[in-house]
Each structure stands twice: as structure tokens, then as C-alpha cells.
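The primary structure of each chain is shown beneath.
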Amino acid sequence: MRQPELGKRLIELRQQKSLTQEELVEACNVSVRTIQRIESGEVTPRTSTIKILLTALDADFETFKKAIESNKSDSYLRSTETWLQIAWISGIVYFVLGFLDGILEYERFENSYEVDAVPFYIATKIFYFIFYSFFIFGFVKLGDYFSNYLIKISSFLLIGLFAIWTFFDIFTIYYEMSESNLWSLGAGESISYGALTIVFGIGLMRLQDGMGQLAKIAGILELLAGFFFAVVILFFLGYMVLVPAIIIEIVLLYKGFEFIKSELKA
């Protein structure tokens, strides 16, 4: 359920019952600070917390949920539906291109490219970045729908970091760097990606109230992959863990697409 509609509706219910925030605290044993942050739209609470508050306010959860979701405009839902469809399809293409990218990187460092092979390498890198960006942007839209700002911010940062990597990969084709500098650059990429992946994983886990256990599983895998990348020498294990993580995330985006689609039909 989205903020600030959630907070506004809770205020209306509380005022209908002629309760102060302090009186609501006594009725449900949720801290006054938590209630203040929910009502102001600062945070989106877990479903369990919402149910506790609604029980204290003698309100039905499903009725409350439908009242909030009906506030979303059709244009907003259609836009979200379109982006999620683009995202899960792009995720499949990105996943497949990942294997090609891995082969090209291996060939690059084992056997430097001939001049005529460079355009293919650059084109692959650019397409890889484009489809990755569309894939990750799907989580920006999910984060927006569920008011999950952590996953929105980390998704934007991941896209920005990927853009920097793509630039350096192409740049270093034309500008020869020493082996030690390349290793330093690679270590920096691995650490920065690991840190962001951990944040992204936490954001995914926070989606579980709206998207179910798949979000939690994907989040745990991203946390594990992030740890391996941050350690640097275990980066290969990070790539191995990312394979099932990406597959689950594609399914998650498709599930989100179907959910929004059903919202439009309702």
C-alpha cells in the first residue's frame, strides 16, 4: 500500500473514532513515534503493523486496502504496467547477454582484440547496459508503487554505476592500462558493486509484504552476492549466486506486471 494515502486514511479512521495518537498507542501497543511516522507518510509499515492498527480502530483490512488502492489513477497504473513489462522482457535479454559479455571479457584479457573485433565488443557492451538499465528500472517502478524508497535509490545508483563501468570498459580498449591498474580498477568495481548490491538486497526483502516470499529469497541472494563481490577475491562466487537471483527477479517483475494488470481490470 502506498504512502501518503495510507497515512491520510489512518488519520481519518483515528479521527472518526475520536482517538488521539496516544490513545491509539494504548489500544494497539505500537509506539507513538511509529504511528506519527506512518501518518505523516515517512514510512510504509509492514502488513502486520497495519493489521494491528486497524484492529484497534475496528476497521477491516481488505476494505481499507481497496480504499487506498482505488486512489491510484488509471494513467499511473498503465504507465507502471508498461514499464514492468519492458523490464521483465529486458531482464531475459540482459540475462542471455551476460554470458556473451563474460566470454568477450575473458577473450579480451586472455587475447587482446584485433581492430575488426572492437566494434562488436563495443556494441555488445552498449546493448548490455541498455537492457540492464530497463531491467533494473522495473524495480524503480515497483519501489514507487510500494513506497519502497530504498530499492528506488539503490536501483538508480546501480544503473549509474553500470554506466560508469561500461564507459571504462570501452575507454580501456583504446587507452592501454598496466595490469596492476586494471586489477585496481576491477577491485574498485567489485567493492562498489558489492556494497550497492547489499543495499539493493535489503530493499528487495522489504518488498516481501507486497510481492511475497520471492522478494525475500531474491533479497537474500543479492545480499550473499554483494558480500562475495565486496570481498573481491570471492567475486566469482558472486556471479554464481547472481544467476538464480536474476532469474527470480525476472519472475518477480513479471509477477508485478500481472498484479498491476489485474488492478486495471478490477
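Residues numbered from 1 in each chain as written. Predicted model: local features only at pLDDT ≥ 70, side-chain atom pairs only at ≥ 80, totals over all residues. Heavy atoms only, no water.

## Considerations on the overall build of the protein
For the protein, the count of helices and strands is 12 helices and zero strands. Counted from the first residue to the last, the protein has its helices and strands arranged as α-α-α-α-α-α-α-α-α-α-α-α. For the protein, the spread of C-alpha atoms along the three principal axes comes to 75 × 40 × 25 Å. When the 266 residues of the protein are sorted by exposure, 42% land in the buried category. (Helix = DSSP H or I, 4+ residues; strand = E, 2+ residues; numbered from the N terminus. Buried < 20%, exposed > 50% of the residue type's maximum accessible area, 1.4 Å probe, protein only.)

## Considerations on the nonpolar core
If you look at soluble globular proteins, the nonpolar side chains tend to sit buried side by side. Ranked by internal contacts, the top residues of the largest apolar core, which has 43 residues, are Phe135, Phe139, Leu142, Tyr193, Leu204, Leu207 and Leu253. Only helix H6 (74–110), helix H7 (118–145), helix H8 (149–174), helix H9 (179–205), helix H11 (213–231) and helix H12 (235–265) provide two or more residues apiece to this core. Ignoring any residue separated from it by four or fewer positions in sequence, one finds Leu253 in contact with Leu84, Ala87, Trp88, Phe135, Gly138, Phe139 and Leu142. If you look at the next biggest cluster of nonpolar residues, it comprises 14 residues, including Leu6, Cys28, Leu54 and Phe61. (Core = buried A, V, L, I, M, F, W, Y, C linked by side-chain atoms within 4.5 Å. Contact = heavy atoms within 4.5 Å.)

## So, a nonpolar patch on the surface
On the surface, Ile86, Ile126, Phe127, Ile130 and Phe134 cluster together to form a nonpolar patch covering roughly 390 Å² of accessible area. Counting residues per element, the nonpolar patch draws most heavily on H7, which supplies four residues. On the basis of relative accessible area, Ile86 is assigned to the partly exposed category, the value being 32%. (Patch = residues over 30% accessible without salt bridge, like charges linked within 9 Å, V, L, I, M, F, W, Y side chains within 5 Å. Areas by Shrake-Rupley, 256 points an atom, 1.4 Å probe, with all protein chains shown as cover. Salt bridge = Lys/Arg side-chain N within 4 Å of Asp/Glu carboxyl O.)

## Describing the pattern of salt bridges
Following the criterion strictly, the structure yields nine salt bridges and no others. The shortest N-O distance in the salt bridge between Asp144 and Lys152 comes to 3.4 Å. For Lys152, a relative accessible area of 18% corresponds to the buried category. Among the ionic contacts, a cluster of salt bridges with common partners joins Asp101, Glu105, Lys125 and Asp169.

## Some remarks on the confidence of the model for the protein
Per-residue confidence for the protein gives a mean pLDDT of 87, with 92% of residues at or over 70. Here helix H5 (residues 61–69) stands out as the element of the protein with the lowest mean pLDDT, 72, in contrast to H11, whose mean of 95 is the highest. (pLDDT = per-residue confidence, 0-100.)

## Re H7
Along its 28 residues, H7 runs 41 Å from first to last C-alpha, staying within 8% of the 40 Å computed at 1.5 Å per residue. Ser147 sits one or two positions beyond H7 and adopts a positive phi of about 55°. (Expected span 1.5 Å × (residues − 1).)

## Some details on the environment of Phe259
One can find Phe259 in helix H12. Judged by its relative accessible area of 27%, Phe259 falls in the partly exposed class. For the pair Phe259 and Glu81, spaced 178 residues apart in the sequence, the C-alpha separation amounts to 8.7 Å.

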